[in-house]
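Structure at a glance
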Amino acid sequence: MIKFTKMQGLGNDYVYIDNTQEKEPENISDLAKFVSNRHFGIGSDGLILICSSKKCDFKMRMFNSDGTEAQMCGNGIRCVGKFVYDKGLTNKKTITIETLGGIKTLNLNVEKNKVKTVEVDMGEPILAPEKIPVISNQKPVTNLKIKVLDKEFTLTCVSVGNPHAITIVKNLDKFDVEKYGKILETHEKFPEKINVEFIEIIDKQNIKMRVWERGSGETFACGTGATASVVACILNQYTDNDVTVKLLGGDLKINWNKNNNHIYMTGPAVTVYEGEIEI
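What comes next is a walk through the structure. (Residues numbered from 1 in each chain as written. Predicted model: local features only at pLDDT ≥ 70, side-chain atom pairs only at ≥ 80, totals over all residues. Heavy atoms only, no water.)

1. Examining the overall build of the protein
Within the protein, the secondary structure is distributed over four helices and 18 strands. Compactness check: the protein gives a C-alpha radius of gyration of 18 Å against a globular reference of 19 Å for 279 residues, within 12% of the reference. Taken along the three principal axes of its C-alpha coordinates, the protein extends 50 × 40 × 35 Å. Of all 279 residues assigned to the protein, the portion counted as buried reaches 54%. Across the protein, every contact between residues at least 6 apart in sequence was considered, and the portion connecting residues at least 24 apart equals 61%. Carbon and sulfur atoms make up 45% of the accessible area of the protein, which amounts to about 12600 Å² in all. Looking at charge distribution, the protein has the averaged site of its 36 positive side-chain charges lying 2 Å from that of its 36 negative ones. (Helix = DSSP H or I, 4+ residues; strand = E, 2+ residues; numbered from the N terminus. Rg over C-alpha atoms; globule rule 2.2 N^0.38 Å. Buried < 20%, exposed > 50% of the residue type's maximum accessible area, 1.4 Å probe, protein only. Contact = heavy atoms within 4.5 Å. Areas by Shrake-Rupley, 256 points an atom, 1.4 Å probe, with all protein chains shown as cover. Lys, Arg positive; Asp, Glu negative; His and termini not counted. Charge placed at Lys NZ, Arg CZ, Asp CG, Glu CD.)

Written out as structure tokens, the structure is:
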């Protein structure tokens, strides 16, 4: 039996397993696919393991619903912060988390001994095409044109620990994210596939975003995607440095601090329920 906690950040939901004192489960990829299945499993956008770390307070391993391991998840890491504090694994309100996308620092906002929101220092945006990665001679990549079916998209590419391609569309609410997202995800320009953000500019302080996540499809929210989208908007002079990103699951606050070149993401983290699975 494996104990788990179901958590969500703006509807981006994951199954969390505490491996700080336990050996990681075998066949993690298959386990991720099983727990993610919304008909035969628990139902989630993926699986996140919370592990011990030799260089940080904790380590996070994140698996998509198709079983592939991803570098980082912005909504997921906020819930990791809530998990370790609420469960008494730490009493610190500033913690570091080791991820495949680098070390992230979390500031936990606590009310009545429970974490309500989390600010994540997402670090510096990665703009070099070979590091995102994207096949392009542009530096930064702010005008990548790709034809998909009946539409040509102009994409800005950014990595914040995982790769993103951001494009502006009209009438976002009615846009067919799946139709175009799944083709862009696997386009030859993206050697490691890509997360695709479709955005609509509201004004200098607000944007709307929908996301097609590689390995998962459209989700209610994506923290790294919201972060990358704001970077793209600032690079293209569409917004100021403080932006509210409105997603299907709610709002995220993103700030690109030009003093240290770090991006900060703030949003909620919620525990849904706990249980055990038999494997």
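2. What to know about the pattern of salt bridges
The full count for this structure, using the stated rule, is twelve salt bridges. Where Asp86 meets Lys82, a salt bridge forms, and the shortest distance between an N and an O atom there is 2.6 Å. Here Asp86 pairs with Lys82, and both are found in helix H2 (residues 74–86), just four residues apart, close to one helical turn. The class for Lys82 is buried, based on a relative accessible area of 7%. One salt bridge connects Lys246 with Asp251, and the closest N-O pair in it is separated by 3.4 Å. On the accessibility criterion, Asp251 (39% relative accessible area) is partly exposed. Several salt bridges share partner residues, and in doing so they unite Lys6, Asp13, Arg38 and Asp45 into one network. (Salt bridge = Lys/Arg side-chain N within 4 Å of Asp/Glu carboxyl O.)

3. Here we look at empty space enclosed by the protein
Following the criterion strictly, the structure yields one cavity of 30 Å³ or more and no others. Those elements that place two or more of their residues in the lining of the largest cavity are strand S4 (58–64), H2 and helix H4 (223–235). Tallied by class, the residues present in the lining of the largest cavity amount to five nonpolar, eight polar and two charged. (1 Å grid on protein atoms, 1.4 Å probe; cavity = no way out; pocket = protein on both sides within 12 Å on 5 of 7 lines; lining within 4 Å. Points joined across faces, edges and corners; volume = space filled by probe spheres on them. Nonpolar A, V, L, I, M, F, W, Y, C, P; charged D, E, K, R; others polar.)

4. Examining helix H3 (residues 177–185)
Every α-helical turn comprises 3.6 residues, leaving residues that sit three or four positions apart pointing alike. Those residues of H3 not exposed but buried are Val177, Tyr180, Gly181, Leu184 and Glu185. Each buried residue of H3 lies within a common arc of 130 degrees when the element is viewed along its axis, so the set occupies one face. Contacts made by the buried residues of H3 are with strand S9 (144–148), strand S10 (151–159), strand S12 (195–203), strand S13 (206–213) and strand S14 (217–219). (Arc of directions from axis to C-beta.)

5. Here we look at the state of the cysteines
Tallying each qualifying case throughout the model produces zero disulfides. We note that Cys51 lacks a disulfide partner, and the nearest cysteine sulfur, in Cys56, lies 12 Å from it. Not part of a disulfide, Cys79 finds its nearest cysteine sulfur in Cys73, a span of 8.2 Å. Residue classification places Cys79 among the buried positions, given a relative accessible area of 0%. (Disulfide = S-S within 2.5 Å.)

6. Remarks on the nonpolar core
Tyr16, Met60 and Val245 are the most contacted members of the largest nonpolar core, which has 51 residues in total. Once residues lying within four places of it in the same chain are set aside, the contact partners of Met60 are Ile48, Leu49, Met72, Cys73, Gly76, Ile77, Val80, Ile97, Glu98 and Thr99. Of all hydrophobic cores here, the second largest spans 21 residues; its members include Leu144, Val148, Phe175 and Leu184. (Core = buried A, V, L, I, M, F, W, Y, C linked by side-chain atoms within 4.5 Å.)

7. Topic: helix H1 (residues 28–36)
Of all the residues in H1, the buried ones are Ile28, Leu31, Ala32, Val35 and Ser36. Looking down the long axis of H1, one finds its buried residues gathered within 125 degrees of arc, a one-sided arrangement. Those residues of H1 that are buried lie in contact with strand S1 (2–9), strand S2 (12–19), strand S3 (46–51), S4 and strand S18 (270–277).

8. Focus: unusual backbone geometry
Negative phi characterises most residues that are not glycine, and trans characterises most peptide bonds. Residue Pro133 is bonded to the preceding Ile132 through a cis peptide linkage, with omega at -5 degrees. For Pro133, the location among the structural elements is in the loop between strand S8 (114–121) and S9. A positive phi is found at Lys112, a non-glycine position, where the angle reads about 55 degrees. In this fold, Lys112 is placed in the loop between strand S7 (102–111) and S8.

9. Digging into the environment of Asp150
With respect to the secondary-structure elements, Asp150 resides in the loop between S9 and S10. Spatially, the C-alpha atoms of Asp150 and Lys174 are 16 Å apart, while their sequence positions differ by 24 residues. Setting aside residues no more than four positions away along its own chain, Asp150 makes contact with Lys179 and Tyr180. A polar side-chain atom of Asp150 sits 2.6 Å from a polar atom in the side chain of Tyr180. (Polar contact = N/O pair within 3.5 Å; in protein donor to acceptor, adjacent residues only side chain to side chain.)

10. Section: the packing of aromatic side chains
For any pair of aromatic rings, the description rests on two quantities: the centre-to-centre distance and the angle between the ring planes. Taken as a whole and assessed by the stated rule, the structure comprises six aromatic pairs. On the basis of an interplanar angle of 65 degrees and a centroid distance of 5.4 Å, the ring pair of Phe153 and Tyr180 is categorised as edge-to-face. Here Tyr180 lies in helix H3 and Phe153 lies in strand S10, a separation of 27 residues in the sequence. You'll find Phe153 and Tyr180 in the same group, each marked buried. Where Phe153 meets Phe198, the ring centres are 6.1 Å apart and the plane angle is 65 degrees; that geometry is what we call edge-to-face. (Phe/Tyr/Trp six-rings, centres within 6.5 Å; stacked < 30°, edge-to-face > 60°.)

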